[in-house]
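Structural features, examined
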Amino acid sequence: RVRGGLQSAIRQPNVAELSLGDVFQVPTFFADPCFTGAPLTGTLRAGCLSQGVPLAVANNGADPSFYELFYRQFGNPDLEPETSRSYTIGVVLDEPGIDNLTLTVDFYNIEVEKQILTVGLPALFNGCYISGDAGLCSGVERDPATGFITLVKDDFRNGGTSVRRGIDFGLNYR
């Protein structure tokens, strides 16, 4: 037998994703990407300076700083629904030469657009300081005197597209 399926789905943002208040996450210790111990260069330098890291730190470097980070999450009332499309195609072989044996092979493809997610600290820092994404940098607040991060805000947002593909195998013997 040959089998297949095609599906489309929509997921609305839930109440927390839309209207989560200021939720304080467990403090974490981390290394500040702008305090590397060496002079800053390229997009890292530009990102750190635009965020308020003192010029002396950018030019001369500063010892790597590990400190407690205050991390907060917020809901986002401007979220759009996620949409997905998926399809599968496969074959079922009943008793292929052996009584009571069934083999199945299925290919699947699942594509989700406008994923609702939070970025998370590593991706937020890489996007801000390495890629120069101003939207991600807006969630990082620094002390203007020291340049240390005082707060990171990671709200829910619509991300890009996620695609999952694979092959499932099945074997059943009675």
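These numbers come from a predicted model, not from an experiment. (Residues numbered from 1 in each chain as written. Predicted model: local features only at pLDDT ≥ 70, side-chain atom pairs only at ≥ 80, totals over all residues. Heavy atoms only, no water.)

Details of helix 2 (residues 42–50)
- Leu44, Gly47 and Cys48 are the residues of helix 2 that are buried. Relative to the axis of helix 2, the buried residues are bounded by an arc of 95° and lie together on one face. What points out from helix 2, more than 90 degrees from its buried face, is the exposed set Gly42 and Ser50.
- Of the surrounding secondary structure, the elements contacted by the buried residues of helix 2 are helix 4 (121–130). (Buried < 20%, exposed > 50% of the residue type's maximum accessible area, 1.4 Å probe, protein only. Helix = DSSP H or I, 4+ residues; strand = E, 2+ residues; numbered from the N terminus. Arc of directions from axis to C-beta. Contact = heavy atoms within 4.5 Å.)

Re the pairing of strand 5 (residues 71–74)
- Alternating residues of strand 5 divide into Tyr71 and Gln73, all buried, and Arg72 and Phe74, none buried.
- Across four bridges, the pairing between strand 5 and strand 10 (residues 149–155) is parallel. Residue pairing for strand 10: Arg72 is matched across the bridge by Lys153. (Pairing = 2+ DSSP bridges.)

Thoughts on the pattern of salt bridges
- Counted by the stated rule, this structure contains 10 salt bridges.
- Between Asp32 and Arg142 there is a salt bridge, with the nearest N and O atoms lying 2.9 Å from each other. One end of the pair, Asp32, is in the loop between strand 3 (28–31) and helix 2; the other, Arg142, is in strand 9 (residues 140–142), and 110 residues separate them in sequence.
- By relative accessible area, which is 10% here, Arg142 ends up buried.
- A single network of salt bridges, built from pairs that share partners, joins Arg11, Glu17 and Glu82. (Salt bridge = Lys/Arg side-chain N within 4 Å of Asp/Glu carboxyl O.)

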